[in-house]
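Structural description and commentary
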Amino acid sequence: MRHARRRVVRRVARLAAVGGLLCGGLMVTQAMASEPPATATSPPTSTARTVADTGSGLVSELGDSRTAGSWIASDGEPVVAVTDEEAAAEVKAAGARPKKVRYSMEDLNSATKELRSAPRVAGTSWAIDPSSNEVVVRADKTVSKDAWSRMTRMAEEIGGSVRMERTEGTFTTRLNGAQPIFSTSGRCSVGFNVTNGQSRFMLTAGHCGPAGSVWFGDTQGNRQVGRTITSNFPGADFSLVQYDNEDESEDSNVVAIGEGRGVRITSVADATVGQKVFRSGSTSGLAEGEVTALNATVNYPEGTVTGLIETTVCAEPGDSGGPLFSESVALGVTSGGNGDCKSGGTTFFQPLTKALTALNVTLAGVSDTPADQASPSAGAADGAVEPGAAQPGAVQPVEPSEAVTSLVEQITNPRNVGPGLLVIAGSLVALVATRYIRTEQERNAYRRQYARSWG
């Protein structure tokens, strides 16, 4: 009876060890199949920037009286709005696509100047849309009928260069991205890490809090991370938070995009109309969209902000200050907008180049110079990237900001190779051990039998 029980125990142990081997092998196989590479391949930054810089370079070369902006077409080609045939020929010779328009950039700028001179109406915005050759004025649901009528009459007086639109939702600052920070003013996002060459700071939205605001890394206020030393809002929308402990600050810029992954930022540049862009925030995570206009003006209830990037990217309360980027190129920080990530909406961003210049800082771990500039004569058709094919950038693992997952979660995580290898190793040890124990038991049994036989 005793020997029978031993055989049962040995068989159960062997079966458990074999099962462990199979389970560990399956975990490793799933991890190898599902785990993203440490560095994902994305279209070269220089390729996307070449397309954008070809258009902007031609606009600068030809001047505001002969052009009306540039954008990236749906096929990835740069398009330049021109007012005369001679300018169109120069654009075509440079490898870009010309589009003949009625109004020059001087005309469109004059229209926005008249709009700014009128009494301010909260809940409105305007921006130049180069593809339609218009200044698009939008009003949210808080704008009264009387105010809307007054603005419409003004638009008619300015002329055909202004288009009026009603929009859903309400234009608000997105108080409350990639990594959350908390203060008495609410919750905001760390946009990018910056430096003045001596100290390190985090750059976020200006409406998040005035100078002197204290920021924490947790909702209980136990871990103080920094204090706002400079804030610009309204007018612009950026602020500078100095780290309390520089040993904990980052020397590089990696934007968290969820699931333990991040995008390493390698350069900074100005956005381009038609460009596919990405935003990361602690509320809604990673979202993508397209740049629809530049130099936008938004009349928030708290005040007017100018010079913003207008996009179709969604955002929600909690995403303020979060980074805007494309193909590892930093573009801006989240300001505000309307809608949400279920119904969509318009979101505005503070251009990063303007904020860095005003604060006299640079991105940490990034060259002082913006993304490579292309010559206006460079062939834009060579390696052009369609906006829909753009990537967030090179993806790599990042450390979580909160407590790490438990052992059980790690073991059940299909992306984790380590636990699978540990299960395999443990099963092998168990097999060897059961085999050794069986051999020793048989050897002892033989010795006892031999002793009884031979006295």
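None of these values were measured; they are calculated from a predicted model.

Describing the overall build of the protein chain
- Along the protein chain, the regular secondary structure elements total eight helices and 25 strands.
- Expressed as a percentage of the 455 residues in the protein chain, the buried residues total 46%.

Some points on helix H5 (residues 145-158)
- Taking 1.5 Å as the rise per residue, H5 with 14 residues should run 20 Å; its terminal C-alpha atoms sit 20 Å apart, in good agreement.
- If you check which residues of H5 are buried, you get Ala147, Trp148, Met151, Ala155 and Ile158. Down the axis of H5, the smallest arc covering the buried residues is 100°, so these residues share one side. Counted as exposed and oriented over 90 degrees from the buried face of H5: Lys145, Asp146, Glu156 and Glu157.
- Considering only its buried residues, H5 is in contact with helix H4 (105-117), strand S4 (124-129), strand S5 (134-139) and strand S6 (162-166).
- Count one or two residues on from H5 and you reach glycine 159, which has phi positive near 125°.

Looking at unusual backbone geometry
- With an omega of -10°, the peptide bond running from phenylalanine 233 to proline 234 counts as cis.
- If you trace the backbone, proline 234 turns up in the loop between strand S13 (224-232) and strand S14 (238-243).
- In this structure, asparagine 133 takes a positive phi of about 60° despite not being glycine.
- Here the phi dihedral of serine 328 falls at roughly 70°; this positive angle occurs in a residue that is not glycine.
- Along the polypeptide, serine 328 turns up in the loop between strand S21 (323-326) and strand S22 (329-337).

Considering the packing of aromatic side chains
- Applying the stated criterion to the full structure yields three aromatic pairs.
- Here the aromatic rings of phenylalanine 233 and tyrosine 300 are separated by 6.5 Å at their centres, their planes lie at 40°, and the arrangement is tilted. Of this pair, phenylalanine 233 sits in the loop between S13 and S14 while tyrosine 300 sits in strand S19 (residues 285-300), placing them 67 residues apart in sequence.
- Look at phenylalanine 233 and you get partly exposed, because its relative accessible area is 22%.
- A ring pair is formed by phenylalanine 278 and phenylalanine 325, whose centres lie 6.3 Å apart and whose planes are at 25°; its orientation type is stacked.

As for the pairing of S4
- Buried residues dominate S4, accounting for six of its six residues.
- Along S4, one buried face is formed by Thr124, Trp126 and Ile128 and the opposite face, lined by Ser125, Ala127 and Asp129, is buried too.
- Two strands pair when backbone bridges link them, and S4 and S5 are joined in this way by six bridges, in the antiparallel orientation. Paired with aspartate 129 across the two strands is glutamate 134, which belongs to S5.
- The turn linking S4 back onto S5 is made up of four residues, and asparagine 133 within it adopts a positive phi angle of 60°.
- Pairing of S4 with S19 involves four bridges; the strand directions are antiparallel.

Description of the environment of serine 131
- Tracing the backbone shows serine 131 in the loop between S4 and S5.
- According to the relative accessible area criterion, serine 131 is partly exposed, its value standing at 29%.
- In this structure serine 131 touches Trp71 and Lys99, once residues within four positions along its chain are discounted.
- A distance of 2.7 Å separates polar atoms of two side chains, one belonging to serine 131 and the other to aspartate 129.

Points about the sheet that holds strand S3 (residues 97-100)
- Across the sheet, which stays open at both edges, the three strands sit in the order S1-S2-S3 with mixed pairing between neighbours. Two strands lie at the open edges of the sheet, namely strand S1 (67-72) and S3, each paired on one side alone. Across the sheet, the mean angle from the axis of one strand to that of its neighbour is 25°, orientation sign disregarded.
- Two strands pair when backbone bridges link them, and S1 and strand S2 (residues 78-82) are joined in this way by four bridges, in the antiparallel orientation. For serine 70, the partnering residue across the bridge sits in S2 and is valine 80.

Observations concerning the nonpolar core
- In this structure, Leu108, Leu115, Trp126, Val135, Val137, Val143 and Val162 are the most contacted members of the largest nonpolar core, which totals 25 residues.
- Those elements giving two or more residues to this core turn out to be S1, S2, H4, S4, S5 and H5.
- At five residues, the largest contribution of residues to this core is made by H5.
- Looking at which domains feed residues into this core, each of domain 1 (47-100) and domain 2 (110-165) supplies at least three.
- Ignoring anything within four residues of it in the chain, the contact list for valine 135 reads Leu108, Ala111, Thr112, Leu115, Trp126, Ala127, Ile128, Ser161, Val162 and Arg163.
- With 23 residues, the next largest nonpolar core counts Leu203, Phe238, Leu359 and Val366 among its residues.

Regarding the pattern of salt bridges
- Counted by the stated rule, this structure contains ten salt bridges.
- Here arginine 163 and glutamate 165 are joined by a salt bridge, their closest N and O atoms 3.0 Å apart.
- Arginine 163 gets classed as partly exposed once you look at its relative accessible area, which sits at 26%.
- Notably, a salt bridge pairs lysine 276 with glutamate 288, separated by 2.9 Å at the nearest N-O pair. Separated by twelve residues along the polypeptide, lysine 276 in strand S18 (residues 276-281) and glutamate 288 in strand S19 bring together distant segments of the chain.
- Judged by relative accessible area, glutamate 288 falls into the partly exposed class, the value being 46%.
- Counted as one network, the salt bridges with shared partners bring together Glu134, Arg138, Arg163, Glu165 and Glu310.

Concerning helix H6 (residues 352-359)
- When H6 is considered as a whole, its buried residues turn out to be Leu352, Thr353, Ala355, Leu356 and Leu359. Down the axis of H6, the buried set is contained in an arc of 165°. They therefore lie on one face. Exposed residues on H6 whose side chains face more than 90 degrees from its buried face are Thr357 and Ala358.

Calculation rules
- Residues numbered from 1 in each chain as written.
- Predicted model: local features only at pLDDT ≥ 70, side-chain atom pairs only at ≥ 80, totals over all residues.
- Heavy atoms only, no water.
- Helix = DSSP H or I, 4+ residues; strand = E, 2+ residues; numbered from the N terminus.
- Buried < 20%, exposed > 50% of the residue type's maximum accessible area, 1.4 Å probe, protein only.
- Expected span 1.5 Å × (residues − 1).
- Arc of directions from axis to C-beta.
- Contact = heavy atoms within 4.5 Å.
- Phe/Tyr/Trp six-rings, centres within 6.5 Å; stacked < 30°, edge-to-face > 60°.
- Pairing = 2+ DSSP bridges.
- Polar contact = N/O pair within 3.5 Å; in protein donor to acceptor, adjacent residues only side chain to side chain.
- Axes fitted to C-alpha atoms, helices over the stretch in contact; angles between N-to-C directions.
- Core = buried A, V, L, I, M, F, W, Y, C linked by side-chain atoms within 4.5 Å.
- Domains from an automatic or database assignment.
- Salt bridge = Lys/Arg side-chain N within 4 Å of Asp/Glu carboxyl O.

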